[in-house]
Amino acid sequence: MSTYADVVAEVLEDAGIEFIFGVPGSLSSVELIEAARKRGIRYILCSNESSAAVKAGTYGIMTGRPGVVSTGVGPGAAAVLHGVANNYLERAPCLILTDRFSDEQFRRQGRQRLDQDRLFRPITKGTFKIAKDNAAVAIRRALALAAEGRPGPVHVDLPYDVMLTNAEESDFPPKANPKKYVGRIGSNHPGITATLNAISESKNPIVIAGLQVNRSGREAEKEFISFAEKLGAPVLAAPSAKGVLPEQHPLAMGTFRGASSERELIDKSDLFLLVGFDTVEVFAPGFWDYAQKVINLDEVPHLDDLIRPEIEVVAHLADILRELCASVSSNHVWNTEEMDSYKKIRQSALFLAGEGLMPGAVIRIARECLPDNGIMTADAGSHKVLANDIWETRRPLGYLTSSGLGSMAVATPAAMAAKLIEPDTPVVCLTGDGGFLMRIGDMEVAVRENIPFVTVVFNDRYLNLIKIKQDNRSFPRLGTEFRDTDYASVAKGLGCKGERVSTEEELKDALNRAFLSEKPWVIDAVINPDGYVGSKDVRAE
């Protein structure tokens, strides 16, 4: 006899969900794992609930389908919050399925009892509890809510008594989903006309791509490239949108993150075209320090009153870009020499000379060894500030990081999820020693589940961003230093391949062997801890 756990799993199967990432709790989890198994949905036991949530969020970003994370009641629900917060600010569609006591137990029992819907409400788009008369409807609503508009996490409580109860055939959702016809924007839309007029009046427009371009899917990514090439203006990308226009493209000017080096280009412009740009991507909190006229093109309206666009077009991004591309002309005064000069000046300041293995060299060599279609994930820290500028992202969704939350401990689970989704694509994770220590248990998961990605640990024995702030204020370095640990040896103990390197030649050799091995690898890169000083711009974190 089928249970309501089967109903939940059936809806997930209909939605094309392939994985559930989790740490099981008790009866609801047990029922869900079995119901998912019967439908070919792979349950991946993770090292902790937060890591499971990041994996689910990365799945959602890369596929456009909400990822799914499953946790136990009480402590499991509390432990997942960091990953959910990351997904909320990364606009990553996912479902958070938590075990829950029955209503009777919840009233009588104090131990492990948390009001879980209140716990998740501030960092999700919505929270639901399934019941016997709404199980299929609630999960379908949650999946739709996670993906629509600005994507994000949705929480669903799974009470024990409901999940274990026998379900009738009528409780399962019908197989045929209704066809939806959504209005599409056309060339006669007044917003398109106003935008084209503003572009024609501009002498130096500049395009800034935001996360919603790739959250909107492959069609929007393709139309963005066509529009950018037709306009012929320089393109900057927020970190979450790096690679939407491949960064080896002559129009790609690098990352937009509020760094002073960007002013060399931005101050020459007279019009900002924000495409899918989310205010969560503004690094100076609550502050928009640009006088240029702004046109905002997005799938959701700008309600934060931070940027104050003069023109705003809200519709399917692919439609907006397609219609603009059909009529826009390149009548500005930008020239290729000017843009090439900016790229060279900005890059030249990023590679410091010094003794030992420099962090900029690690990023450069990793880029040389990773194929163009490869994926890189980056944890928060000084190395990410540098990677934002140095790393040339050559494909959409080729650079994954925590931009909105700016959190450590995200790069490793993101790399694992990326490798599961694209098993034939090489994946490299750049993490600091602090971030690696937070996620070292994931290396056991990588070995157990045969997820062959490469981790490069920037081993400088410090929380470097914080150390820099202490140094700038002439404070002693307290609370920021780690002991000298051989992370490659630790990883070997968990079943990974591992190697410690301290020169550029050793790093290049290890990376090349790692990408060929089809095994999880950890490369412990012992770097010069002072190699970041000339490139610090702490606003990026």
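Note that the coordinates shown come from a computational prediction; the quantities given were computed from them, not determined experimentally. Residue positions are counted from 1 within each chain, in the order its sequence is given. With the structure being a predicted model, the display of local features is reserved for residues of pLDDT at least 70 and the display and counting of side-chain atom pairs for 80 or more, all residues being used for whole-chain, interface and lining totals. Computation of side-chain values: all heavy atoms of the structure, hydrogens and water removed.

Colleague: So what exactly am I meant to see when it comes to the packing of aromatic side chains here?
Modeller: Working definition: a ring pair exists when centres of Phe, Tyr or Trp rings (six-membered ring for Trp) sit within 6.5 Å. Plane angles under 30 degrees give stacked, over 60 give edge-to-face, the rest tilted. Overall, the coordinates contain eleven aromatic pairs when judged by the stated rule. Both rings, one in Phe256 and one in Phe277, keep their centres 5.9 Å apart while their planes meet at 70 degrees; by these two values the pair is edge-to-face. Here Phe277 lies in the loop between strand 10 (271–275) and strand 11 (293–298) and Phe256 lies in the loop between strand 9 (252–255) and helix 13 (263–266), a separation of 21 residues in the sequence. Three exposure classes are used, based on accessible area relative to the maximum for each residue type with a 1.4 Å probe and protein chains only: buried under 20%, partly exposed in between, and exposed over 50%. Using a relative accessible area of 3% as the deciding quantity, one classes Phe256 as buried. For a Lys NZ or an Arg CZ to count as sitting over a ring, it must be within 6 Å of the ring centre and within 35 degrees of the ring normal. It is Arg91 that lies over the ring of Tyr88; its NZ or CZ is 5.9 Å from the centre. Put simply, DSSP marks the helices as runs of H or I at least four residues long and the strands as runs of E at least two long, and each gets a number from the N terminus on.

Colleague: Can you help me understand the environment of Ser226 in this one?
Modeller: Structurally, the position occupied by Ser226 is in helix 12 (residues 218–231). In this structure the C-alpha to C-alpha distance between Ser226 and His82, which are 144 residues apart in sequence, comes to 38 Å.

Colleague: What is the right way to read helix 8 (residues 135–147) from this model?
Modeller: Along an α-helix, a turn takes 3.6 residues, which lines up residues three or four apart on a common side. Helix span is expected to be 1.5 Å times the residue number reduced by one. Its 13 residues place the ends of helix 8 19 Å apart at the C-alpha level, agreeing with the 18 Å of an ideal helix rising 1.5 Å per residue. For helix 8, the complete set of buried residues consists of Ala135, Ala136, Ala138, Ile139, Ala142, Leu143, Leu145 and Ala146. Working rule for contacts: check all heavy atoms of both residues, and any pair within 4.5 Å makes them a contact. Contacts made by the buried residues of helix 8 are with helix 1 (4–14), strand 4 (94–100), strand 5 (127–129) and strand 6 (153–159). Remark: Gly149 follows helix 8 within two positions and exhibits a positive phi of approximately 55 degrees.

Colleague: Would you mind showing me how to read the packing of helix 3 (residues 49–63) against helix 5 (residues 81–89) here?
Modeller: Look at helix 3 against helix 5: their axes get within 6 Å of each other, and the N-to-C directions meet at 25 degrees. The pairing of helix 3 with helix 5 is recorded here as roughly parallel in orientation. Judged by the sense of rotation from one axis to the other, the crossing of helix 3 with helix 5 is right-handed. On helix 5, the residues that touch Ser50, Ala53, Val54 and Gly57 of helix 3 are His82, Gly83, Val84, Asn86 and Asn87. Axis lines are fitted to C-alpha atoms, over the contacting stretch for helices. Their N-to-C directions set the angle, which ranges from 0 to 180 degrees. In this scheme, roughly parallel covers angles under 35 degrees and roughly antiparallel covers those over 145, while 65 to 115 is roughly perpendicular and the rest are oblique. What makes a crossing left-handed is the near helix being turned counterclockwise from the far one by less than a right angle; a clockwise turn instead makes it right-handed.

Colleague: Got a minute to help me understand the confidence of the model for the chain in this structure?
Modeller: Atomic detail in the predicted coordinates should be set aside for any region of low pLDDT. Looking at any residue, its pLDDT shows the predictor's confidence there, from 0 to 100. Here the chain averages 91 in pLDDT, and 96% of its residues register 70 or above. Confidence over residues 534–541 falls short of pLDDT 50; this stretch has 24 contacts with residues more than four positions distant or in other chains.

Colleague: Teacher, can you tell me more about the nonpolar core here?
Modeller: Nonpolar side chains in soluble globular proteins tend to be buried together. Put simply, a nonpolar core is a bunch of buried Ala, Val, Leu, Ile, Met, Phe, Trp, Tyr and Cys residues held in one set by side-chain atoms that sit within 4.5 Å of each other. Formed by 75 residues in total, the largest nonpolar core has its most connected members in Leu12, Phe21, Leu95, Leu97, Ile130, Ile139 and Phe453. Looking at which element gives the most residues to this core, the answer is helix 8, with eight residues. Contacts of Phe21, omitting those with residues within four sequence positions, involve Ile44, Cys46, Ala52, Lys55, Ala56, Tyr59, Val68, Val69, Ser70 and Leu420. Grouped together as the second largest cluster of nonpolar side chains are 55 residues, Phe224, Phe256, Phe277 and Tyr290 included.

Colleague: Would you mind showing me how to read empty space enclosed by the protein here?
Modeller: Any empty space left between the atoms is revealed when a probe the size of a water molecule rolls over them. Lining residues are defined by having an atom within 4 Å of a point belonging to a cavity or pocket. Those points lie on a 1 Å grid over the protein atoms alone, cavities being sets where a 1.4 Å probe fits but cannot get out and pockets being open sets with protein on both sides within 12 Å along at least five of seven lines. Grid points are joined across faces, edges and corners, and a volume is the space filled by probe spheres set on the points. If you walk through the whole model with that rule in mind, you get four cavities of 30 Å³ or more. Looking at the largest cavity, its volume works out to about 160 Å³. Lining the largest cavity we find 18 residues, and of these Ile61, Glu90, Arg215, Leu400 and Thr401 sit closest to its centre. Listed by contribution, the elements that provide at least two residues to the lining of the largest cavity are helix 3, helix 5, helix 11 (212–215) and strand 14 (399–401). With four residues, the single largest contributor to the lining of the largest cavity is helix 3. The nonpolar class holds Ala, Val, Leu, Ile, Met, Phe, Trp, Tyr, Cys and Pro. Asp, Glu, Lys and Arg form the charged class, and all remaining residues, Gly among them, are polar. Residue composition of the lining of the largest cavity, grouped by class: nine nonpolar, seven polar and two charged. As a volume, the second largest cavity reaches approximately 70 Å³. Taken together, 13 residues line the second largest cavity, and the ones lying closest to its centre are Val235, Ala237, Leu245, Glu247 and Ala252. Elements that contribute at least two residues to the lining of the second largest cavity include exactly strand 8 (235–237) and strand 9.

Colleague: Explanation requested: the environment of Ala284 in the structure shown.
Modeller: Within the secondary structure layout, Ala284 lies in the loop between strand 10 and strand 11. For Ala284, a relative accessible area of 14% puts it in the buried group. For the pair Ala284 and His316, spaced 32 residues apart in the sequence, the C-alpha separation amounts to 28 Å.

Colleague: Where do I start with the sheet that holds strand 5 in this structure?
Modeller: Strand pairing in a sheet relies on backbone hydrogen bonds, with the paired strands running either antiparallel or parallel. Note on pairing: DSSP must find at least two bridges between two strands before they are called paired. A sheet is described by the order of its strands in space; here six strands give the open sequence 2-1-3-4-6-5, paired in parallel fashion. Each having just a single partner strand, strand 2 (42–45) and strand 5 make up the two edges of the open sheet. For this sheet, the mean inter-axis angle between neighbouring strands, taken without regard to orientation, is 25 degrees. Across seven bridges, strand 4 lies against strand 6 in parallel orientation.

Colleague: What's the story with unusual backbone geometry in this structure? I'm lost.
Modeller: Residues apart from glycine generally show negative phi values, whereas peptide bonds are mostly found in trans. Although it is not a glycine, Arg308 sits at a positive phi angle of roughly 55 degrees. Here the phi dihedral of Ala409 falls at roughly 70 degrees; this positive angle occurs in a residue that is not glycine. Of note, Ala409 is situated in the loop between strand 14 and helix 18 (411–421).

Colleague: Help me understand helix 1, please; the structure alone is not making it clear to me.
Modeller: The buried fraction of helix 1 amounts to nine of the eleven residues, a majority that puts the element mostly inside the structure. Within the span of helix 1, buried status applies to Tyr4, Ala5, Asp6, Val7, Val8, Ala9, Glu10, Val11 and Leu12. Elements in contact with the buried residues of helix 1: strand 1 (19–22), helix 2 (27–38), strand 3 (67–71), strand 4, helix 8 and helix 9 (160–164). Polar contact criterion, stated in full: a pair of N or O atoms within 3.5 Å, where within protein one must be able to donate a hydrogen and the other to accept it, and residues adjacent in sequence count only if both atoms are side-chain atoms. The N-terminus of helix 1 is capped by Thr3, whose side-chain oxygen sits 3.2 Å from the backbone nitrogen of Ala5. Once helix 1 ends, the next one or two residues include Gly16, with phi positive near 85 degrees.

Colleague: Honestly, the sheet that holds strand 7 (residues 205–209) in this entry has me stumped. Any pointers?
Modeller: Strands sit in the order 9-8-7-10-11-12 across an open sheet of six strands; the sheet is parallel. Strands at the two margins of the open sheet, each flanked by one partner only, are strand 9 and strand 12 (311–314). For this sheet, the mean angle separating the axes of adjacent strands, direction not counted, is 20 degrees. In this structure, strand 7 lies alongside strand 10, joined through five bridges in parallel fashion. Note that in strand 10 the partner of Val207 across the bridge is Leu273. The strands touched by helix 14 (residues 317–327) within the sheet are strand 10, strand 11 and strand 12, with strand 11 carrying the most contacts at an inclination of about 125 degrees.

Colleague: It is not clear to me how the side chain of Asn214 should be interpreted in this structure. Could you clarify?
Modeller: Tracing the backbone shows Asn214 in helix 11. Exposure remark for Asn214: the relative accessible area of 3% places this residue in the buried category. A distance of 2.9 Å separates a polar side-chain atom of Asn214 from the backbone oxygen of Ser240. Apart from residues no more than four positions distant in its own chain, Asn214 is found in contact with Glu221, Ser240, Ala241, Val244 and Leu397.

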